[in-house]
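For reference, the chains in residue letters:
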Amino acid sequence: MNSAQLRTLAERTVHGIVETSPVNTLKGFDERSWDSSIIGFAAGDDPLFASYKKLIGPFYWTPAEIMQLAYPGETFSEHQLSVICWILPQTERTLVDQRKADKLPASRWVHSRHYGEKFNEYLRATVRDTFRASGIKAAAPAITEGFGYRESKKFGLASNWSERHTAFVAGLGTFGLSDGFITERGKAVRIGSVIINAKIKPDTRKNTSHTANCLWYAKGTCGACIKRCPVDAITAKGHDKKACFDYIRGVTAPYAKEILGAYETPCGLCQVKIPCERRNPVSG
């Protein structure tokens with residue numbers, strides 16, 4: 001398959017699963033977990049992947065390293081790899097409930113964090129397996145053995161593959177004051193990605209600044225997410241990841257377990273009731 005055919009296969013697979021799969025269901029509410037998806041593409045040899053490894057730490061995976069983990073004993077050229085990345089926006093019903101929350105996430109949001117991410121895992125696996133069935137080697141970083149959190153000397157708690165940073169490489173948005181990822185469909189989203197051993201023409205990254213979509217950084221206005229955080233983990237200086245994580249681990253995770261009967265780590269209060277909830281506020 002050529003680049004255009006590979007792109008079409010990826011788009012058809014992602015969008016089709018999101019729109020038609022019964023797995024995209026918010027259990028407990030009998031409704032969709034996610035709204036319609038958007039998709040972007042990055043080159044496996046994009047210099048940003050190497051820069052992430054240098055900045056975050058040696059534990060951070062490059063696309064080639066992930067492929068080698070998925071296919072032990074084989075060697076992959078980063079120049080032949082492509083990264084498929086998608087955005088899953090929250091539904092309006094989930095957003096309506098979450099806007100009313102101020103200390104603890106809404107029940108729909110908690111269910112979305114659990115069942116919605118289960119669907120995202122299913123989507124990752126299905127996209128990966130669709131390409132494998134077409135004879136193209138593929139891997140999904142977030143469901144690859146060994147994926148998890150590590151300790152970065154510079155940034156503290158950090159995963160060895162970031163879906164948000166990958167989405168930036170694919171031109172799908174930029175970061176905000178809270179470290180949330182602001183897409184054209186807003187910040188209340190989940191993200192997924194798959195790497196394939198085939199060339200798809202990458203999308204153009206329009207923003208040179210990694211914070212271009214945030215009103216605080218772009219225009220010196222807003223700061224609405226500061227007021228939404230119940231533990232002051234967001235300030236004019238940025239996002240205190242430790243304070244955020246401590247609140248989730250100590251407060252919202254136990255609350256989620258009461259609701260779900262399973263461990264989960266939701267919050268997301270800073271993703272709603274703000275100008276970037278459903279759109280890119282800088283572009284319009």
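For the structure, check the block above.
The shown structure was predicted, so the numbers you read here are calculated from the model rather than taken from an experiment.

## Quick notes on the pattern of salt bridges
And step 1. Inspection of every chain in the model, using the stated rule, returns 20 salt bridges.
And step 2. Here D35 and R185 are joined by a salt bridge, their closest N and O atoms 3.4 Å apart. Remark: R185 occurs in the loop between β9 (181–183) and β10 (189–196) and D35 occurs in the loop between β2 (31–32) and β3 (38–43); sequence separation between them is 150 residues.
And step 3. Overall, the relative accessible area of 24% leaves R185 in the partly exposed class.
And step 4. Taking the shortest distance from any N to any O, the salt bridge between E74 and K137 comes out at 2.4 Å. One end of the pair, E74, is in the loop between α3 (63–70) and β4 (82–89); the other, K137, is in the loop between α5 (107–133) and β5 (138–139), and 63 residues separate them in sequence.
And step 5. What makes K137 partly exposed here is its relative accessible area of 32%.

## Brief notes about the sheet that holds β3
And step 1. With antiparallel pairing, 4 strands are arranged side by side in an open sheet as β3-β4-β10-β5. Both edges of this open sheet fall to β3 and β5, since each of them pairs with a single strand only.
And step 2. Across 2 bridges, the pairing between β5 and β10 is antiparallel. When the sheet's bridge partners are listed, A138 is paired in β10 with I196.

## A look at a nonpolar patch on the surface
And step 1. A cluster of nonpolar side chains, contributed by Y149, L157 and F245, occupies part of the molecular surface with about 300 Å² of accessible area.
And step 2. Looking at the element boundaries, F245 is found in helix α9 (residues 241–260).
And step 3. Residue classification places F245 among the partly exposed positions, given a relative accessible area of 31%.

## Details of the packing of aromatic side chains
And step 1. Throughout the structure, instances matching the rule amount to 8 aromatic pairs.
And step 2. Taking 6.4 Å as the distance between ring centres and 90° as the angle between the ring planes, the aromatic pair formed by F49 and Y52 counts as edge-to-face. Taken together, the residues F49 and Y52, both in helix α2 (residues 47–56) and 3 residues apart, mark about one turn of the helix.
And step 3. Seen from their ring centres, F168 and F175 are 6.4 Å apart, and the 45° between their planes marks the pair as tilted.

Procedures and definitions
- Residues numbered from 1 in each chain as written.
- Predicted model: local features only at pLDDT ≥ 70, side-chain atom pairs only at ≥ 80, totals over all residues.
- Heavy atoms only, no water.
- Salt bridge = Lys/Arg side-chain N within 4 Å of Asp/Glu carboxyl O.
- Helix = DSSP H or I, 4+ residues; strand = E, 2+ residues; numbered from the N terminus.
- Buried < 20%, exposed > 50% of the residue type's maximum accessible area, 1.4 Å probe, protein only.
- Pairing = 2+ DSSP bridges.
- Patch = residues over 30% accessible without salt bridge, like charges linked within 9 Å, V, L, I, M, F, W, Y side chains within 5 Å.
- Areas by Shrake-Rupley, 256 points an atom, 1.4 Å probe, with all protein chains shown as cover.
- Phe/Tyr/Trp six-rings, centres within 6.5 Å; stacked < 30°, edge-to-face > 60°.

Purely geometric stuff here, so don't read any function into it on its own.
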